[in-house]
Amino acid sequence: MDLSQGTPMIAIPGPSILPDAVRAAMARPMPDIYGGPLVDLAFGLLERLPGIARTSGRAFVVASNGHGAWQMAIANTMAPGEKVLALESGRFAVFWGVAAELAGVDVEVLPGDFQTPVDPAALEARLRDDTAKSIKAILVSHVDTSSSVHNDIPALRAAIDAADHPALLMVDCIASLGCDRYEMDEWGVDLTVGASQKGLMCPPGLGFVWAGERAISAMDPDRPRVSYLDWSKRIDPQMFYEIFSGTPPVAHLHALDAALGLIDDEGGLDAVWARHQAHADAVRAAVSAWATPGGLSLNIASPAHRSNAVTTVQTGDIDATELRRRCAEQAGLTLGIGMVTMPDRTFRIGHMGWHNPPMILGTLATVEAALSSMAAPMGSSGIAAASASIGDALNRD
Ligand SMILES: Cc1ncc(COP(=O)(O)O)c(C=O)c1O
């Protein structure tokens with residue numbers, strides 16, 4: 001039976017649900033792009049953005065998706081023939097490496113898997129072997145959206161320091177910003193990339209790069225440059241339009257302004273991270289309650305390495321594609337497709353950005369209903385476990 005009439009719920013790991021305030025902010029008429037309020041808005045955003053990555057470094061905004069932000073990082077810090085090391089823990093750092101390879105960079109992958117974080121000891125060993133210090137940069141995802149692993153960035157920084165290696169530490173926070181705690185300066189990160197469409201609650205279309213001093217000075221002025229992505233003019237603009245290499249993405253800037261306002265209104269990033277933790281705990285409680293041998297389980301075994309932005313669920317003998325189909329077509333709930341090796345045997349729940357207990361518990365209850373409709377084995381009620389978990393959170397300060 002089709003019960004899907006009503007407000008659809010999208011629980012994929014990005015794009016996330018747009019808050020009403022963000023959608024309303026985008027619906028404004030187009031302003032003058034050479035002066036007036038838009039200029040103040042843009043400069044104001046560039047001042048506020050470093051706080052989102054917890055850095056005193058520079059923020060750059062590129063009108064693109066996350067791939068464009070990757071590309072901006074590559075174009076400004078690497079030259080063809082230079083070497084970088086991409087740390088595998090799912091798909092995304094490896095894909096970032098593929099983008100660098102197409103730009104002529106020599107990319108090596110430190111092999112990993114889809115169920116465990118990057119091993120700091122393996123990184124340290126690889127860097128110690130690099131006695132010529134030829135590795136210029138290290139690419140890693142803070143949270144890999146395919147596996148839902150949460151890498152321990154301070155531990156990776158410590159491994160680089162233990163090997164006494166000068167490589168730049170470059171971190172993809174596209175999935176984690178605004179969801180999982182991230183401290184760029186405190187953790188010794190040289191460059192961070194982000195995007196608008198996940199924890200930052202905007203539509204896809206803005207990429208962000210935050211660069212510390214070492215990343216900025218890695219720019220070689222003599223290398224071939226990509227005019228649109230080049231930092232030089234963006235750092236020291238003579239004309240306003242140079243900040244965006246052309247017409248600013250006006251509607252997206254209004255969206256970002258509204259989204260950052262929501263983060264402030266909630267009490268800042270610490271409050272936002274705490275809410276994500278409470279909701280992610282509820283999701284994990286539900287999946288753990290459903291778990292059976294041969295049935296559902298959390299993809300990441302180690303609790304310390306699970307993301308608060310997305311949860312990848314292994315489904316064992318249960319057909320994940322059929323589960324997602326029932327949720328979407330009969331109940332109005334869209335879950336994320338599996339990106340782990342067997343897509344029919346995994347799915348993902350996005351819990352990033354704008355969500356509250358009715359949205360999270362409604363999502364979990366719908367999954368439980370679909371599992372029940374498939375007569376899928378379940379250890380116990382995920383809903384009871386998730387409600388208790390949310391109840392505990394309601395009692396916290
Ligand atoms: C961790 C991570 N990095 C990079 C990307 C690529 O971003 P985009 O699809 O916006 O280009 C994604 C997209 O989901 C992601 O989750």
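Quick caveat: nothing in here was measured; it's all calculated off a predicted structure.

What counts, and where the lines are drawn
Residues numbered from 1 in each chain as written. Predicted model: local features only at pLDDT ≥ 70, side-chain atom pairs only at ≥ 80, totals over all residues. Domains from an automatic or database assignment. Helix = DSSP H or I, 4+ residues; strand = E, 2+ residues; numbered from the N terminus. Nonpolar A, V, L, I, M, F, W, Y, C, P; charged D, E, K, R; others polar. Core = buried A, V, L, I, M, F, W, Y, C linked by C-beta atoms within 7 Å. Buried ≥ 20, exposed ≤ 12 C-beta atoms within 10 Å, placed from the backbone. Contact = placed C-beta atoms within 7 Å. Near = placed C-beta within 6 Å. Pairing = 2+ DSSP bridges.

Peer 1: A description of the domain arrangement of the chain should follow, citing residues and the corresponding values.
Peer 2: What the domain assignment lists for the chain is domain 1 (9-16 + 268-394) and domain 2 (20-264). With centres defined by C-alpha atoms, the gap from domain 1 to domain 2 works out at 28 Å. Elements with a minimum of two residues in the side of domain 1 that touches domain 2: helix H10 (269-290) and strand E12 (310-314). Examining the composition of the side of domain 1 that touches domain 2, we find that 4 residues originate from one element, H10, more than from any other. Residues belonging to the side of domain 1 that touches domain 2 are distributed by class as follows: 13 nonpolar, 12 polar and 2 charged.

Peer 1: Tell me about the nonpolar core, residues and numbers included.
Peer 2: With 117 residues, the main nonpolar core has Val-84, Leu-87, Ile-138, Leu-139, Phe-208, Val-209 and Ala-286 as its most contacted residues. With 9 residues, the single largest contributor to this core is H10. Each residue touching Ala-286, except ones within four places of it in the same chain, is listed here: Leu-364, Gly-382, Ile-383, Ala-385 and Ala-386.

Peer 1: Any details on the site of the ligand? Residues and values, ideally.
Peer 2: Around the ligand, 13 residues are found, and the nearest of them are Asn-65, Gly-66, His-67, Thr-145 and Ile-174. Residues that form the shell around the ligand fall into these classes: 5 nonpolar, 6 polar and 2 charged.

Peer 1: Give me the pairing of strand E5 (residues 135-141): which residues, what numbers.
Peer 2: A large share of E5 lies buried, amounting to 6 of its 7 residues. Alignment of strand E3 (residues 83-87) against E5, held across 4 bridges, turns out to be parallel. Residue pairing for E5: Val-84 is matched across the bridge by Ala-137. One ladder, built from 5 bridges, connects E5 with strand E8 (residues 168-172); its direction is parallel.

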